[in-house]
Amino acid sequence: MHTRYFWKCPVVLLLLSHTVHGQEPPREIAITMGDYHYAPDVIEMDRGQTVILHLSNTDGITPHNFTLVDASAGLDVDTDIGAGTPVRISLTPQRPGTWTWYCNKKLPFMKSHRDRGMQGTLVVR
């Protein structure tokens, strides 16, 4: 009786379908940003692997951004992240390589956030 219920459980079927088809659920990575830095500032992944990034801005007032664009690699992210408003994005790079992501914010007459060191590296194997 318990065995029949076990196979009807949606969670078990979902896990079995991922195992049977050789698919793994997307990897999830939390990235915090603030005070002109990202943490972590390096992400390594495999070509074709999907990664879900959870981006959050820890600065109280300063707006930040996450920009990572290379159309030939399937990377097209340019999103603002306000303080206290987390953003979730998905990446699935289509070719190996190394790319730099950065914050594109800049106040007039001051260095850009990127020039102040606010950047990170995506390494795709």
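1. Focus on the side chain of His-64
Right, so step 1: Mapped onto the fold, His-64 is located in strand β5 (residues 64-70).
Right, so step 2: Side chain to side chain, His-64 and Asp-59 meet in a polar contact 2.7 Å long.

2. What about the nonpolar core?
Right, so step 1: Judged by nonpolar contacts, the single largest core of 24 residues is most densely connected at Ile-31, Leu-53, Phe-66 and Leu-122.
Right, so step 2: Once residues within four sequence positions are removed from consideration, Phe-66 is found in contact with Ile-31, Tyr-38, Leu-53, Leu-55, Val-77, Asp-78, Thr-79, Ile-81, Ile-89, Trp-101 and Tyr-102.

3. Remarks on the pairing of strand β4 (residues 51-57)
Right, so step 1: Most of β4 is tucked away, with five of its seven residues classed as buried.
Right, so step 2: By the bridge criterion, seven bridges tie strand β1 (residues 27-34) to β4 in an arrangement that is parallel. Bridge pairing in β4 places Ile-29 opposite Leu-53.
Right, so step 3: In this structure, β4 lies alongside strand β7 (residues 87-91), joined through five bridges in antiparallel fashion. Paired with Leu-55 across the strands is Val-87, a residue of β7.

4. Things to note about the pattern of salt bridges
Right, so step 1: Following the criterion strictly, the structure yields four salt bridges and no others.
Right, so step 2: The partner of Arg-125 in a salt bridge is Glu-44, and the shortest N-O contact between them spans 3.1 Å. Taken as a pair, Arg-125 in the segment after β9 (119-124) and Glu-44 in strand β3 (residues 42-45) lie far apart in primary sequence, 81 residues in all.
Right, so step 3: The partly exposed category is assigned to Glu-44, whose relative accessible area is 42%.
Right, so step 4: Among the salt bridges present, the one from Arg-95 reaches Asp-70, with a minimum N-O distance of 3.2 Å. Here Asp-70 lies in strand β5 and Arg-95 lies in the loop between β7 and β8 (97-102), a separation of 25 residues in the sequence.
Right, so step 5: A residue is classified by how much of its surface remains accessible, and Asp-70, at 18% relative accessible area, is buried.
Right, so step 6: The structure contains a network of salt bridges with shared partners spanning Glu-44, Asp-46 and Arg-125.

Basis of the calculations
Residues numbered from 1 in each chain as written. Predicted model: local features only at pLDDT ≥ 70, side-chain atom pairs only at ≥ 80, totals over all residues. Heavy atoms only, no water. Helix = DSSP H or I, 4+ residues; strand = E, 2+ residues; numbered from the N terminus. Polar contact = N/O pair within 3.5 Å; in protein donor to acceptor, adjacent residues only side chain to side chain. Core = buried A, V, L, I, M, F, W, Y, C linked by side-chain atoms within 4.5 Å. Buried < 20%, exposed > 50% of the residue type's maximum accessible area, 1.4 Å probe, protein only. Contact = heavy atoms within 4.5 Å. Pairing = 2+ DSSP bridges. Salt bridge = Lys/Arg side-chain N within 4 Å of Asp/Glu carboxyl O.

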